[in-house]
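# An overview of the molecular structure
The residues making up each chain are set out below.
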Amino acid sequence: MTATLIDGKAFAARLRERLAKEVAAMKARDITPGLAVVLVGEDPASQVYVRSKGKQTREIGMNSFEHRLPADTPETALLELVASLNADPAVNGILVQLPLPAHMDEAAVINAIDPDKDVDGFHILNVGRLATGQKAMVPCTPLGCLMLLRDQLGSLSGKRAVVIGRSNIVGKPMAQLLLRDSATVTIAHSRTTDLPDLCRQADIVIAAVGRAHFVKGDWLKPGATVIDVGINRTEDGLVGDVDFAAASQVAGAITPVPGGVGPMTIACLLANTLTATARSNGLPDPEGLTP
Ligand code: NDP
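Residues numbered from 1 in each chain as written. Predicted model: local features only at pLDDT ≥ 70, side-chain atom pairs only at ≥ 80, totals over all residues. Heavy atoms only, no water.

### Concerning the packing of helix α2 (residues 44-59) against helix α10 (residues 261-280)
Between α2 and α10, the shortest axis-to-axis distance is 10 Å and the interhelical angle comes to 55 degrees. Of the possible angle classes, the one that applies to α2 and α10 is oblique. As for the relative orientation of α2 and α10, their crossing is right-handed in sense. Residues Ser-52, Lys-53, Gln-56 and Thr-57 of α2 pack against Ile-266, Leu-269 and Leu-270 of α10. Among the residues forming the contact of α2 with α10, the class breakdown is three nonpolar, three polar and one charged. (Axes fitted to C-alpha atoms, helices over the stretch in contact; angles between N-to-C directions. Helix = DSSP H or I, 4+ residues; strand = E, 2+ residues; numbered from the N terminus. Parallel < 35°, antiparallel > 145°, perpendicular 65-115°, else oblique. Left-handed = near helix turned anticlockwise from the far one by under 90°. Contact = heavy atoms within 4.5 Å. Nonpolar A, V, L, I, M, F, W, Y, C, P; charged D, E, K, R; others polar.)

Written out as structure tokens, the structure is:
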């Protein structure tokens with residue numbers, strides 16, 4: 001392996017340590033940040049995520065409020081819960097774990113969250129604020145990728161970036177963040193032609209596809225920085241969207257899976273909760289946690 005390993009796990013641990021200090025400083029001013037997580041149904045992966053979010057929230061000294069509702073909960077009951085969390089001053093951040101059961105309208109539920117408490121950054125107002133360069137809550141996974149990229153590369157200005165994937169959760173907000181940092185951004189998707197050639201021109205490749213080992217080593221420009229967002233469960237365990245063994249011979253720096261982007265996602269959720277708490281109390285944004 002020639003590439004530098006971008007250690008998201010270690011970065012996330014340092015970030016949580018820093019957040020814990022800031023939470024302690026807020027508590028000294030009688031402010032305790034609180035994150036409410038709502039889980040509807042029994043999806044096993046979602047249960048793992050919610051448990052881990054609650055644990056990490058408490059570990060850094062924030063209040064964690066967990067709400068578990070049965071899968072057949074009517075949408076109106078979920079909307080009532082969201083309204084009560086919007087009105088609760090102890091709750092600074094609200095996260096409704098996705099996916100929701102099929103009978104619910106995800107967009108309607110997300111858009112019912114107070115945008116200032118929308119720590120996932122999925123509310124239509126936050127999407128618009130990010131796209132227009134205003135102060136937004138930024139989706140956690142792309143925010144984590146941005147932090148790793150800035151840490152690795154310093155300025156992203158003028159760099160060529162290819163984002164593979166155009167989901168609302170990862171690809172699109174990732175592209176917005178790169179654009180905001182003055183990278184030259186191409187967004188690729190399932191209808192893109194000549195993807196290997198596009199990638200070969202890129203200084204930065206972000207893979208958010210959901211297909212194991214999709215990005216090959218010979219798609220990369222030597223020295224490129226590769227951020228692998230993919231989480232694919234295979235017979236060999238968890239693997240990313242990038243063929244890590246081959247890519248790490250060509251890339252300049254690369255995130256592993258696991259231990260790369262994954263740990264950054266929850267750390268950035270906590271960072272967003274701190275930012276939301278600061279804003280709702282009229283304090284300045286904590287340094288370096290927002291784009
Ligand atoms: P989606 O399924 O919503 O989006 C996948 C994207 O990949 C789509 O835009 C799709 O294109 C594109 N795509 C599919 N096939 C191809 C292809 N052959 N060539 C080019 N593009 C293709 O996934 P998400 O964005 O939600 O997640 C992506 C991956 O990231 C998943 O593995 C997911 O598990 C992981 N993930 C990891 C997180 C973390 O914390 N590390 C958090 C969130 C997601 P089209 O739009 O044309 O269909």
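This is not the end of the story, as more comes after the structure.
### Quick notes on helix α1 (residues 8-28)
Here α1 spans 30 Å end to end across 21 residues, near enough to the 30 Å set by a 1.5 Å rise per residue. Turning to α1, its buried residues are Gly-8, Phe-11, Ala-12, Leu-15, Leu-19, Val-23 and Met-26. One side of α1 carries all its buried residues, which in axial view fall inside an arc of 110 degrees. Exposed and oriented more than 90 degrees from the buried face of α1 are Glu-17, Lys-21 and Ala-28. At the N-terminal end of α1, a side-chain oxygen is found 3.2 Å from the backbone nitrogen of Lys-9, two or three residues along, and the residue is Asp-7. (Expected span 1.5 Å × (residues − 1). Buried < 20%, exposed > 50% of the residue type's maximum accessible area, 1.4 Å probe, protein only. Arc of directions from axis to C-beta. Polar contact = N/O pair within 3.5 Å; in protein donor to acceptor, adjacent residues only side chain to side chain.)

### Let's talk about unusual backbone geometry
In this structure, the amide linkage connecting Leu-98 to the following residue, Pro-99, adopts the cis form with an omega of 0 degrees. Summarising the element assignment, Pro-99 is placed in the loop between β4 (93-96) and α4 (106-110). In this model, Val-257 is joined to Pro-258 through a cis peptide bond whose omega is 0 degrees. A positive phi angle, close to 65 degrees, is found at Asp-30, a residue other than glycine. You can see Asp-30 is positioned in the loop between α1 and β2 (34-40). According to the relative accessible area criterion, Asp-30 is exposed, its value standing at 75%. For Ser-182, which is not glycine, the phi torsion reads 65 degrees and is therefore positive. Position of Ser-182 among the secondary structure elements: in the loop between α7 (171-180) and β6 (184-188). Take Ser-182: its relative accessible area is 42%, and that puts it in the partly exposed class.

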